[in-house]
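What follows is each chain in one-letter form.
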Amino acid sequence: MSAGPCVLVVDDNAINLEICQEILEQEFTVFTASNAREAIQRAQQHQPQIVLLDVMLPGVDGLEICRRLRQLPEMRLARIIMVSAKAMLSERTAGMDAGADAYLTKPFDYDDLLAAIHGQAVAPRKP
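The paragraphs below set out a description of the structure included in this document. These numbers were taken from a predicted model, which means no experiment stands behind them.

### Regarding helix α2 (residues 36-46)
So, step 1. Residues of α2 that are buried include every one of Ala36, Glu38, Ala39, Ile40 and Ala43, and no others.
So, step 2. Contact partners of the buried residues in α2: β1 (6-10), β2 (29-33) and α3 (62-71).
So, step 3. Among the residues of α2, the N-terminal cap falls to Asn35, whose side-chain oxygen and the backbone nitrogen of Arg37 are separated by 3.1 Å.
So, step 4. Among the residues trailing α2, Gln47 stands out with phi positive, at a value near 45°.

Have a look at this one:
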């Protein structure tokens, strides 16, 4: 595990969590969560600078988790990146309205992920 900035990856798919952790742990300290309760708990515990947040989660979705994270004083300055297969403009807008800083559509590549993490614009993929 790296001693770099802390990243929280929230996804209900264990394979996605594993892939993100493997990709990011070279540069970042990575924590994972698979549901809303774990996401809020780990955010409060580790105060990540970056959150990769899947939109489609069972129970409480990523949009609501984003809103809840933004209410935590320790998370107001965190960079929240929504990650989803949902790519319509209205869906991306909903993510930004919930408090996200960026929105990546799946599948994404490593360069797009790093660009979003570092605050650089990522061009939407054309169907």
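### Some words on the sheet that holds strand β3 (residues 50-54)
So, step 1. Spatially, 5 strands are ordered β2-β1-β3-β4-β5 in an open sheet, and the strand pairing comes out parallel. Among the strands making up the open sheet, the edge pair consists of β2 and β5 (102-105). Strand-to-strand twist across the sheet, computed as the mean angle between neighbouring axes with direction ignored, equals 20°.
So, step 2. Strand direction decides the pairing type here: strand β4 (residues 79-84) and β5, joined by 4 bridges, are parallel. Within the sheet, the bridge partner assigned to Met82 lies in β5 and is Tyr103.
So, step 3. Most of the contacts of α3 go to β4, to which it runs at about 175°, and overall it touches β3 and β4.

### Re helix α1 (residues 14-24)
So, step 1. Within the sequence span of α1, burial applies to Leu17, Cys20 and Leu24. Take α1 and look down its axis: the buried residues cluster within an arc of 70°, on one side only. Relative to its buried face, α1 has exposed residues pointing more than 90 degrees away, namely Ala14, Ile15, Glu18 and Glu22.
So, step 2. The elements touched by buried residues of α1 are β1, β2, β3 and α5 (110-117).

### Let's talk about the nonpolar core
The nonpolar side chains of a soluble globular protein tend to be buried, and buried together.
So, step 1. Formed by 23 residues in total, the largest nonpolar core has its most connected members in Val10, Val51, Leu53, Ile65, Leu69 and Met82.
So, step 2. Where this core is concerned, the elements lending two or more residues are β1, α2, β3, α3 and β4.
So, step 3. Contacts of Leu69, omitting those with residues within four sequence positions, involve Ala39, Ile40, Ala43, Val51, Met75 and Ile80.
So, step 4. Listed in part, the 17 residues of the second largest apolar core include Phe28, Ile81, Val83 and Leu113.

About the cut-offs
- Residues numbered from 1 in each chain as written.
- Predicted model: local features only at pLDDT ≥ 70, side-chain atom pairs only at ≥ 80, totals over all residues.
- Heavy atoms only, no water.
- Buried < 20%, exposed > 50% of the residue type's maximum accessible area, 1.4 Å probe, protein only.
- Helix = DSSP H or I, 4+ residues; strand = E, 2+ residues; numbered from the N terminus.
- Contact = heavy atoms within 4.5 Å.
- Polar contact = N/O pair within 3.5 Å; in protein donor to acceptor, adjacent residues only side chain to side chain.
- Pairing = 2+ DSSP bridges.
- Axes fitted to C-alpha atoms, helices over the stretch in contact; angles between N-to-C directions.
- Arc of directions from axis to C-beta.
- Core = buried A, V, L, I, M, F, W, Y, C linked by side-chain atoms within 4.5 Å.

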